[in-house]
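Residue-level listing of the chains:
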Amino acid sequence: SASEMAEHALPPSGQASVVLDIGADTGALVLHTPAELDGREIEISLYGSPARTHSQVRQRHVGGTVRYAAVYPGLHQGDYVLWQDAATPAMRVTITGGQVTDARWPDPV
């Protein structure tokens, strides 16, 4: 099936396989999502900026459990918007330099 092919093309990330580029004014975001978002691209933008980047939700094996998350490394510190779709903001998150920020995708209303 198509989903099996996608899984073969992108194996789940193992622990410590994501290198996060963080520094004095650069942080990173780990966005935890429900399993049904596996494979989805989620866009992020600096608040007030038209420029967007995206990351794909992938399976991550953590301590014997499977979690789903999109990772955004190397974000300049500041306030960001995560996008539900091209026109709909889903949530805001603040990135702090030198830190990895954990956020949870909002539950459906």
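What counts, and at which threshold
- Residues numbered from 1 in each chain as written.
- Predicted model: local features only at pLDDT ≥ 70, side-chain atom pairs only at ≥ 80, totals over all residues.
- Heavy atoms only, no water.
- Pairing = 2+ DSSP bridges.
- Helix = DSSP H or I, 4+ residues; strand = E, 2+ residues; numbered from the N terminus.
- Axes fitted to C-alpha atoms, helices over the stretch in contact; angles between N-to-C directions.
- Phe/Tyr/Trp six-rings, centres within 6.5 Å; stacked < 30°, edge-to-face > 60°.
- Lys NZ or Arg CZ within 6 Å of the ring centre and 35° of its normal.

Draft legend 1. Broad picture of the sheet that holds strand 2 (residues 41–46). Pairing within the open sheet is antiparallel, and its four strands lie in the order 3-2-6-7. What marks the edges here is a single partner per strand, and that holds for strand 3 (52–56) and strand 7 (89–95). This sheet shows a mean twist of 30 degrees between the axes of neighbouring strands, independent of strand direction. Relative to strand 3, strand 2 runs antiparallel, the two being bridged by five bridges. Among the inter-strand pairings, Glu-43 is bridged to a residue of strand 3, identified as His-54.

Draft legend 2. A look at the packing of aromatic side chains. A complete count under the given rule lists zero aromatic pairs for this structure. Arg-52 extends its terminal NZ or CZ atom over the ring of Trp-83, reaching a point 3.7 Å from the ring centre. Geometry around Tyr-47 places Arg-92 over its ring, the cationic atom sitting 4.0 Å from the centre.

Any functional reading would require information beyond the geometric quantities listed.
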